[in-house]
Amino acid sequence: MLLTMRSRLFNPQLSSLCHSLPHSHKSHPSSLAFSASISQGPNSRHASAAKAQRPVALSEAARFVRTVLFLPPGVNPDDVTDDMILPGSNIVLGPYAGDAKIKDVDFVKSSNRPKDCPKDDRPEFAMLGRSNVGKSSLINFLVRKKEVALTSKKPGKTQLINHFLVNKSWYIVDLPGYGFANAPESARMDWSSFTKGYFLNRETLVSVLLLIDGSVPPQKIDLDCANWLGRNNISMTFVFTKCDKMKGGKGRRPDENIRNFLELIKENYRQHPPWIMTSSVTGLGRDELLLHMSQLRNYWNNE
């Protein structure tokens, strides 16, 4: 069973990713336990609970489920089977997964400030990443419509908070990319006060989809962004883009870059974040990402 789980979780080049990932604890879907915010003192509730329980020997398969996979609400770790794991990810599909088809998508508005965003109660997913990570391409890829989100060869073209209404029931939010050093000076906004204000005050935000370029080695700016979201207890999923590419034919393969990124991330997280591989060129990960979003969204709707 363990071998089939691993083969479903990773393709042959990615099998080594499963050996050194942090421990998983049950929590709100895709919210992360940031280690710096957790009390480790002897009088903590967690320590007391640990003393009251005797250690239970786990099988290798059970240990794999608890330490590698992202378990959504409603899933008992002992009930996980290999066909519940979304291929190319560490995400288990649970009972809240539902209809993931996108039937229609409409641009609603662009906002200069978080307080100008739509004020209805529809749930939303925010797309965030470096300016050249392929964010607009991923949005167009998910909705299967060209030019829904502006795609440009000039980094930093997205400079507003853009809301797209999907199936008249939930939003995809295209946020300004960070780190666009080549943008005009007048367009270089203060990411701290602009985008961070959205994250800290948006009550309808289900999760951030943090896009990471899988074709390049881990970038400090991405790690800093992930750690800021974690410190502020903001739900997120790592979406690795460009997983069909290898820069210049001489760089590391995407599986190596992803493994290295996860190794660095685990230093600050005791709960494993959900992650998934995608490619807007080959179609990798599209249906799986939409299924993951559906279970987070349906759980949010039923809270």
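By the naming in an unreviewed UniProt entry, the protein chain is GTP-binding protein, taken from Forsythia ovata. In its Cofactor (unreviewed entry) section, the UniProt entry covering the protein chain states "Mg(2+)". Database annotation for the protein chain, UniProt heading Sequence similarities (unreviewed entry): "Belongs to the TRAFAC class TrmE-Era-EngA-EngB-Septin-like GTPase superfamily. EngB GTPase family."

*Asks:* Got a minute to help me understand the environment of Phe141 in this structure?
*Replies:* Relative to the helices and strands, Phe141 is located in helix 4 (residues 135-143). The buried category is assigned to Phe141, whose relative accessible area is 11%. The spacing of Phe141 and Ser280 is 139 residues in sequence and 5.6 Å in space, taken between C-alpha atoms. In contact with Phe141, other than residues within four places in its own chain, are Ser279, Ser280, Gly283, Leu284 and Arg286.

*Asks:* Looking at this structure, how should I read the packing of aromatic side chains?
*Replies:* What describes a pair of aromatic rings is the distance from one ring centre to the other and the angle between the planes of the rings. One pass over the structure, following the stated rule, counts 8 aromatic pairs. Taking 5.6 Å as the distance between ring centres and 70 degrees as the angle between the ring planes, the aromatic pair formed by Tyr198 and Phe199 counts as edge-to-face. Note on Phe199: relative accessible area 5%, which makes it buried. A ring pair is formed by Phe240 and Trp275, whose centres lie 6.2 Å apart and whose planes are at 75 degrees; its orientation type is edge-to-face. In this pair, Phe240 is assigned in strand 6 (residues 236-241) and Trp275 in strand 7 (residues 275-277), connecting sequence segments 35 residues apart. By the burial criterion, Phe240 is buried, and Trp275 matches it.

*Asks:* What is the right way to look at the nonpolar core in this model?
*Replies:* Soluble globular proteins tend to bury their nonpolar side chains together. Leu128, Tyr198, Phe199, Leu210, Leu229, Phe238 and Phe240 are the most contacted members of the largest nonpolar core, which has 33 residues in total. With 5 residues, the single largest contributor to this core is helix 6 (residues 220-231). Listed in part, the 28 residues of the second largest apolar core include Phe70, Val133, Leu289 and Leu296.

*Asks:* Would you mind showing me how to read helix 4 here?
*Replies:* Helical periodicity: at 3.6 residues per turn, an α-helix aligns residues three or four positions apart in one direction. In terms of burial, helix 4 is largely enclosed, as 8 of its 9 residues are buried. Within helix 4, burial applies to Lys135, Ser136, Leu138, Ile139, Asn140, Phe141, Leu142 and Val143. Of the surrounding secondary structure, the elements contacted by the buried residues of helix 4 are strand 1 (105-111), strand 2 (124-129), strand 4 (170-174), strand 5 (205-213), strand 6 and helix 8 (286-301). One or two steps after helix 4, the chain reaches Arg144, where phi turns positive at roughly 55 degrees.

*Asks:* Which parts of the structure should I look at to understand the confidence of the model for the protein chain?
*Replies:* The predicted coordinates of low-pLDDT regions are not to be read in fine detail. Averaged over the protein chain, the pLDDT score is 78; the fraction of residues at 70 or greater is 68%. This model gives residues 36-56 a pLDDT under 50, and the stretch forms 7 contacts once residues within four places in sequence are excluded.

About the criteria used
- Residues numbered from 1 in each chain as written.
- Predicted model: local features only at pLDDT ≥ 70, side-chain atom pairs only at ≥ 80, totals over all residues.
- Heavy atoms only, no water.
- UniProt positions renumbered as here; feature names shortened; annotations may be inferred.
- Helix = DSSP H or I, 4+ residues; strand = E, 2+ residues; numbered from the N terminus.
- Buried < 20%, exposed > 50% of the residue type's maximum accessible area, 1.4 Å probe, protein only.
- Contact = heavy atoms within 4.5 Å.
- Phe/Tyr/Trp six-rings, centres within 6.5 Å; stacked < 30°, edge-to-face > 60°.
- Core = buried A, V, L, I, M, F, W, Y, C linked by side-chain atoms within 4.5 Å.
- pLDDT = per-residue confidence, 0-100.

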